[in-house]
Amino acid sequence: MRMYKSAIALLIFSLFNTSAFAADTFTFTGNGYGHGVGLSQIGGKAMALEGKSAEEILKYYYTGVNVELVSDWYEIRINIGHELTSASLQLVSNTGFLKINDYQIKEKGVIAYFRYSNSGIVTIIRKQKTTLATLPATNSISIHWSGTRTLEGPPAVVAFNPGKSLRYQFGEMNLLVVGKYFEATNTVRLKDEYLYGVSEVSSAWPFEMLRAQAIAARSYAMSKAGIYRASCDCELYGTIKDQLFVGATKINEAKYGPIWKAAVDSTSVDEMYGLAITYQGAPINAYYSSSTGGMTESALNAFGTAFDYLQPVADPVSLDPKRNPKYATWKRSVSTTVIAKAFGLLDIQNLEIKDKRIEATSLNGTKASLRLETFRSRAGLPSPFFNLSEG
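Report follows, based on the coordinates. (Residues numbered from 1 in each chain as written. Predicted model: local features only at pLDDT ≥ 70, side-chain atom pairs only at ≥ 80, totals over all residues. Heavy atoms only, no water.)

1. Comments concerning the state of the cysteines
In the structure shown here, the tally under the stated rule is 1 disulfide. With a sulfur-sulfur separation of 1.9 Å, C232 is cross-linked through a disulfide to C234. Note on the C232 and C234 pair: the S-S dihedral is about -75 degrees, so by sign convention the disulfide is left-handed. Assigned by exposure class, C232 and C234 land together as buried. (Disulfide = S-S within 2.5 Å. Buried < 20%, exposed > 50% of the residue type's maximum accessible area, 1.4 Å probe, protein only.)

Here it is as structure tokens:
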């Protein structure tokens, strides 16, 4: 009898206290793609189509800046493979050769396989199923190919595959053991070799927007140059952690590759200087993203650090479904498991947006709060310009 009464009490409690139980998902509706700070690429494209120059576009989205010549001839180290346990490399051009430390590869079809071991990076050279050489394990490997500034000879192109194969034409590569992995980097000259490989907008876009993108990319890279990150053996990641870098792939795109190269070259006046966005005489952290929620966001609200030149400005084009068909509006459902992990809570009962932050409450009443951009990144939402939806 006591068990029967307990069951009835539990049923009544569950019927009238549904707030004590978490939903399986939360639904969000929003606008835009990316963090929304600085240049809106969709907005910049629209301005270029209206006849605005690259300089006008940049001075609109970055407050109180100048676009001026800066020295950009130096090299920068780009991570092209993070926390690797294996990778491969091969010559893909009909001319030239490559060197892995002192070992030389002169023909296509010969592949170098790199594998992490407790003794260092093991390199196995193969042609089809035949092993040509096994190089001693080492903690550091230098890779050069002909036709570059570091190795004379016929021009060569190599393909490096840490999981996805990309082609490289400029600079040199290094592999370095860091902890229980190895890092892969491509060291290139910032002014051209690096910018040729930055792939952040379509090369088919209006030329002045391409110029604006090249100047913004140069400025962003300059703000990071010289700051060594031991965890990646790099100054910049070649992913959207910093700027997407695809080696020689960008300028070798059919039809449009030469247009991107021309846009980059048009912002570089000679061997020493190129155009950059500056504030009080120094290159800026030129953040940019695809589109916004109708206004760009301040760096303070997005990242917690204020920059005078990263202030909100109107960006209505991002809300136009004709010019931003994928992200003028969007809707996503996210599981409570993902959301709880984002906040570092065991579970989620309630979410509330207030003062540019989102607050979560767990079933036991514990609360946690995040910036909208931080939550967006952790929860996998397109942008921080969102609201909670009823479903």
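Text resumes after the structure shown.
2. Some points on the sheet that holds strand β1 (residues 25-30)
Strand order in the open sheet made by the 3 strands is β20-β1-β24, with antiparallel pairing throughout. Sheet topology places β20 (330-335) and β24 (386-389) at the edges, where each strand pairs with a single neighbour. Sheet twist, expressed as the average angle between the axes of neighbouring strands with direction ignored, equals 30 degrees. Pairing of β1 with β24, which is carried by 4 bridges, proceeds in the antiparallel orientation. From the neighbouring strand, T29 faces β24, where its bridge partner is N387. (Pairing = 2+ DSSP bridges. Helix = DSSP H or I, 4+ residues; strand = E, 2+ residues; numbered from the N terminus. Axes fitted to C-alpha atoms, helices over the stretch in contact; angles between N-to-C directions.)

3. A short note on the packing of aromatic side chains
Under the defined criterion, the tally for this structure stands at 14 aromatic pairs. Ring centres 5.9 Å apart and planes at 70 degrees place the aromatic pair Y220 and Y287 in the edge-to-face group. Pair noted here: Y220 is in helix α5 (residues 207-224) and Y287 is in the loop between β18 (282-283) and β19 (288-289), with a separation of 67 residues, a long-range link. Judged by its relative accessible area of 6%, Y220 falls in the buried class. The interplanar angle of 55 degrees and the centroid separation of 5.4 Å between the aromatic rings of Y279 and Y309 together place this pair among those described as tilted. With Y279 in strand β17 (residues 273-279) and Y309 in the loop between α7 (299-303) and β20, this pair connects stretches of sequence that are 30 residues apart. What makes Y279 partly exposed here is its relative accessible area of 22%. (Phe/Tyr/Trp six-rings, centres within 6.5 Å; stacked < 30°, edge-to-face > 60°.)

4. A look at empty space enclosed by the protein
As enumerated under the stated definition, the model contains 1 cavity of 30 Å³ or more in all. The volume enclosed by the largest cavity comes to roughly 60 Å³. Breaking the lining of the largest cavity down by element, the ones donating at least two residues are α7 and α9 (372-379). (1 Å grid on protein atoms, 1.4 Å probe; cavity = no way out; pocket = protein on both sides within 12 Å on 5 of 7 lines; lining within 4 Å. Points joined across faces, edges and corners; volume = space filled by probe spheres on them.)

5. Examining the side chain of S298
Here S298 lies in the loop between β19 and α7. Residue S298 is classed as buried on the basis of its relative accessible area, which comes to 7%. With residues near it in sequence (within four places) discarded, S298 still touches V37, L310, Q311 and P312. (Contact = heavy atoms within 4.5 Å.)

6. A closer look at the packing of helix α2 (residues 41-49) against helix α3 (residues 54-61)
α3 packs onto α2 with a crossing angle of 140 degrees between their chain directions and a minimal axis gap of 10 Å. Overall, the two elements α2 and α3 adopt an arrangement that is oblique. Taken as a pair, α2 and α3 cross one another with a handedness that is right-handed. Between α2, through G43, G44, M47 and A48, and α3, the contact on the second element is made entirely by E56, I57, Y60 and Y61. (Parallel < 35°, antiparallel > 145°, perpendicular 65-115°, else oblique. Left-handed = near helix turned anticlockwise from the far one by under 90°.)

7. Observations concerning the layout of surface pockets
What the largest pocket holds in volume is close to 760 Å³. The wall of the largest pocket is formed by 27 residues, among which G34, E200, I240, Y288 and S289 lie closest to the centre. Taken together, the elements giving at least two residues each to the lining of the largest pocket come down to β19, α7 and α9. Broken down by element, the lining of the largest pocket gets its largest block of residues, 4 residues, from α9. Here the residues of the lining of the largest pocket are counted per class, giving 12 nonpolar, 10 polar and 5 charged. Taken together, 20 residues form the lining of the second largest pocket, with L166, G238, L244, F245 and V246 sitting closest to its centre. (Nonpolar A, V, L, I, M, F, W, Y, C, P; charged D, E, K, R; others polar.)

8. Some remarks on unusual backbone geometry
One non-glycine residue with positive phi stands out, namely Q128, at about 55 degrees. Secondary-structure assignment places Q128 in the loop between β9 (120-127) and β10 (130-138). Even without being glycine, D355 reaches a positive phi, approximately 55 degrees. By secondary structure assignment, the location of D355 is in the loop between β21 (350-354) and β22 (357-361).

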